[in-house]
Amino acid sequence: MAGFRSCPLIPWLALAAVLGSVLGLGEDLDRPLFGPPGSPVKLHESDPGLKKALAFAEERYNRGSNAMHLRKVSRLLSATKQLVKGIRYTITVELSNTQCKKSTMLRTCDFYPESEKLKTEVCVFEVWDIPWQGTSTLLKQKCQPKGEPQLEETNKVTDASTSQPLEESMELLGQFKEFMVKYNKVYSSQEEADQRLRIFHENLKTAEKLQSLDQGSAEYGVTKFSDLTEEEFRSTYLNPLLSQWTLHRAMKPASPARDPAPTSWDWRDHGAVSPVKNQGMCGSCWAFSVTGNIEGQWFLKNGSLLSLSEQELVDCDGLDQACRGGLPSNAYEAIEKLGGLESEADYSYSGHKQRCDFTSGKVAAYINSSVELSKDEKEIAAWLAENGPISVALNAFAMQFYRKGVSHPLKIFCNPWMIDHAVLMVGYGERKGIPFWAIKNSWGEDYGEQGYYYLYRGSNACGINKMCSSAVVN
């Protein structure tokens with residue numbers, strides 16, 4: 001599929017269970033948001049959350065209406081809620097004219113006694129409420145005069161696998177076949193192929209939701225990870241240790257940049273960045289992030305760009321956990337103790353832990369220490385332009401379905417405290433007025449834009465500012 005195309009009337013995939021405060025469990029608001037999909041539950045009109053969602057939808061309706069008089073809910077027809085990293089309300093109501101003009105501020109607004117003046121409409125609203133953030137979003141509003149054929153949206157819950165139209169099913173199968181061919185996917189049995197098709201279908205819905213709510217210019221859709229569940233993707237390619245703050249060792253702070261950041265900068269244009277690499281099915285992103293940083297530091301001090309060995313760290317770094325994750329701060333310390341890094345050519349990458357085969361006589365580059373950078377994005381940009389590419393980490397949820405453009409997911413999809421992927425920040429700039437960070441990833445050149453991910457700059461998106469560090473080469 002060339003890009004993600006919206007699929008009308010697909011039910012919203014429940015991306016995760018709602019936080020403990022919503023369920024009454026009193027849990028930490030910044031804990032991971034993972035859980036089984038929520039099912040729609042019918043609501044009574046006395047439900048407090050429904051009343052709040054109705055008031056919000058009513059206010060947004062009137063704000064966008066050109067009518068002279070306020071319109072209010074005259075009858076609730078049906079309502080459900082669904083837990084989806086917040087609460088999604090689907091509400092069908094009748095809206096009618098009141099005798100209050102919009103310009104008046106009256107406590108009560110009576111409906112017209114004459115039925116012809118009521119001009120009643122039947123409306124379907126979808127409201128996404130995030131209680132722990134105090135925010136609500138109107139996802140859908142569809143209205144038509146009462147008496148016309150009923151709106152096609154209903155609150156009936158059906159099994160998509162049995163109700164899916166034949167035409168849509170054929171389109172889905174075509175997309176899945178194209179995906180298998182493009183990414184050379186082979187499954188061991190028909191049962192596994194059926195399972196991967198179901199996951200692929202759910203992932204299309206997730207990508208659609210990311211697309212509809214993205215605040216940047218990104219395109220989300222089918223990627224080589226589209227047949228993996230979120231948990232499979234996290235456990236295979238990501239790094240859960242990064243969000244365990246108690247494991248982080250203290251690092252000395254970096255000296256601030258001498259000059260303000262230029263408007264844009266890209267170390268790829270100055271010879272300090274090696275080609276994109278591929279970590280394979282191994283959670284070794286931390287090693288690629290650190291070696292990329294050291295490659296840049298060595299180039300700036302010695303004038304030669306080397307491709308350094310990530311496998312040496314996977315095998316020989318006793319402070320980290322190889323394919324099960326690691327921390328850049330530990331990796332710097334391990335490299336200092338080892339005495340340096342061999343080249344990629346001398347110690348090639350296998351994608352799984354092996355016996356340490358480090359030879360001090362083959363060291364191609366060394367470091368003297370490491371530093372932690374400021375968490376201010378303007379200071380990070382200035383430091384990068386002055387000192388080279390930076391090892392950084394971020395929440396990678398949206399990256400599973402990223403294709404191109406500047407990604408700017410809503411915070412609900414990209415909790416800045418749930419960092420799970422280490423990468424290399426190589427530059428920054430703007431595209432059509434949208435500020436971005438240029439990020440070298442380690443999932444091969446067939447990911448994103450030739451192996452790169454572009455993330456919105458200026459809002460600490462996805463926690464990109466929380467773990468910035470660099471080796472020091474004297």
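Keep in mind it's a predicted model, so treat the numbers as computed, not measured.

Engineer: How do you make sense of the pairing of strand β5 (residues 135-145) when you look at a structure like this?
Structural biologist: Of the strand pairs in this sheet, strand β4 (residues 121-130) and β5 are connected by 10 bridges, and their pairing is antiparallel. Bridged to V122 within β5 is Q144.

Engineer: Would you explain the packing of aromatic side chains in this entry?
Structural biologist: Two descriptors summarise a pair of aromatic rings, namely the distance from one centre to the other and the angle between the planes of the rings. On inspection of all chains with the given rule, the structure shows 22 aromatic pairs. With a centroid separation of 6.3 Å and an interplanar angle of 45 degrees, the aromatic rings of F225 and Y447 are classed as tilted. Of the two residues, F225 is situated in the loop between β6 (219-220) and α7 (230-237) and Y447 in the loop between β16 (434-440) and β17 (452-456); the sequence distance between them amounts to 222 residues. F225 sits in the buried class, given a relative accessible area of 1%. Measuring from centroid to centroid gives 5.3 Å for W265 and W267, while their planes differ by 70 degrees, and the two rings are edge-to-face. What links up through ring pairs into an aromatic cluster is the set F225, F233, Y237, Y402, W443, Y447 and Y453. Between the NZ or CZ atom of R431 and the centre of the ring of F436, over which it lies, the distance is 5.7 Å. One Lys or Arg, K466, reaches over the ring of W417 and ends 3.7 Å from the middle of that ring.

Engineer: Even after reading the chapter, I still don't get the sheet that holds strand β2 (residues 69-83), so can you show me in this structure?
Structural biologist: Through backbone hydrogen bonds, the strands of a sheet pair up, either in parallel or in antiparallel fashion. Strand order in the open sheet made by the 5 strands is β1-β2-β3-β4-β5, with antiparallel pairing throughout. In the strand order of this sheet, the two ends are held by β1 (41-42) and β5, each with one partner. Bridge count between β2 and strand β3 (residues 87-101): 12 bridges; the pairing is antiparallel. By the bridge assignment, R75 is partnered in β3 with E94. Running at roughly 135 degrees to β2, helix α2 (residues 48-64) makes contact with β2, β3, β4 and β5 of the sheet.

Engineer: Just to check I follow, could you spell out unusual backbone geometry for this structure?
Structural biologist: Backbone geometry follows two general trends: most residues other than glycine have a negative phi, and most peptide bonds adopt the trans configuration. Within the chain, K119 stands out as a residue other than glycine whose phi angle is a positive 50 degrees. With respect to the helices, strands and loops of the structure, K119 is situated in the loop between α3 (115-118) and β4. Classification of K119 as exposed rests on a relative accessible area of 58%. For K432, which is not a glycine, the phi torsion comes out positive at approximately 50 degrees.

Engineer: Whenever I open this one, the environment of G318 confuses me. Can you help?
Structural biologist: Summarising the element assignment, G318 is placed in the loop between α9 (310-316) and α10 (328-338). In this structure the C-alpha to C-alpha distance between G318 and C356, which are 38 residues apart in sequence, comes to 10.0 Å.

Engineer: Looking at this model, I keep getting lost on the state of the cysteines. Mind explaining?
Structural biologist: Two cysteines whose sulfur atoms are joined by a covalent bond form what is called a disulfide. Inspection of every chain in the model, using the stated rule, returns 5 disulfides. There is a disulfide in this structure between C123 and C143, and the S-S distance comes to 2.1 Å. Because the torsion about its S-S bond is 115 degrees, the bridge between C123 and C143 counts as right-handed. On the criterion of sequence distance, the pair formed by C123 in strand β4 and C143 in strand β5 is long-range, its members being 20 residues apart. One disulfide bridge connects C316 with C356, the sulfur atoms lying 2.0 Å from each other. The sign of the S-S torsion, about 100 degrees, decides the handedness of the disulfide formed by C316 and C356: right-handed. Of the two residues, C316 is situated in helix α9 and C356 in the loop between β9 (341-342) and β10 (363-365); the sequence distance between them amounts to 40 residues. Given a relative accessible area of 33%, C356 falls into the partly exposed group. In the protein chain, numbering the disulfide-bonded cysteines from first to last in sequence yields the connectivity 1-2, 3-4, 5-7, 6-8, 9-10.

Engineer: Would you mind going over the nonpolar core with me for this structure?
Structural biologist: Inside soluble globular proteins, nonpolar side chains tend to come together where they are buried. The biggest cluster of nonpolar side chains holds 59 residues, and the ones touching the most others in it are I390 and Y453. Elements represented by at least two residues in this core include exactly β4, α6 (190-213), α7, α11 (377-387), β12 (390-394), β15 (421-431), β16 and β17. Here this core spans two domains, since at least three of its residues come from each of domain 1 (41-145) and domain 2 (230-472). Ignoring sequence-local partners within four residues, the contact set of Y453 consists of L394, A398, M399, Y402, S407, W437, A438, I439 and Y447.

About the criteria used
Residues numbered from 1 in each chain as written. Predicted model: local features only at pLDDT ≥ 70, side-chain atom pairs only at ≥ 80, totals over all residues. Heavy atoms only, no water. Pairing = 2+ DSSP bridges. Helix = DSSP H or I, 4+ residues; strand = E, 2+ residues; numbered from the N terminus. Phe/Tyr/Trp six-rings, centres within 6.5 Å; stacked < 30°, edge-to-face > 60°. Buried < 20%, exposed > 50% of the residue type's maximum accessible area, 1.4 Å probe, protein only. Lys NZ or Arg CZ within 6 Å of the ring centre and 35° of its normal. Contact = heavy atoms within 4.5 Å. Axes fitted to C-alpha atoms, helices over the stretch in contact; angles between N-to-C directions. Disulfide = S-S within 2.5 Å. Core = buried A, V, L, I, M, F, W, Y, C linked by side-chain atoms within 4.5 Å. Domains from an automatic or database assignment.

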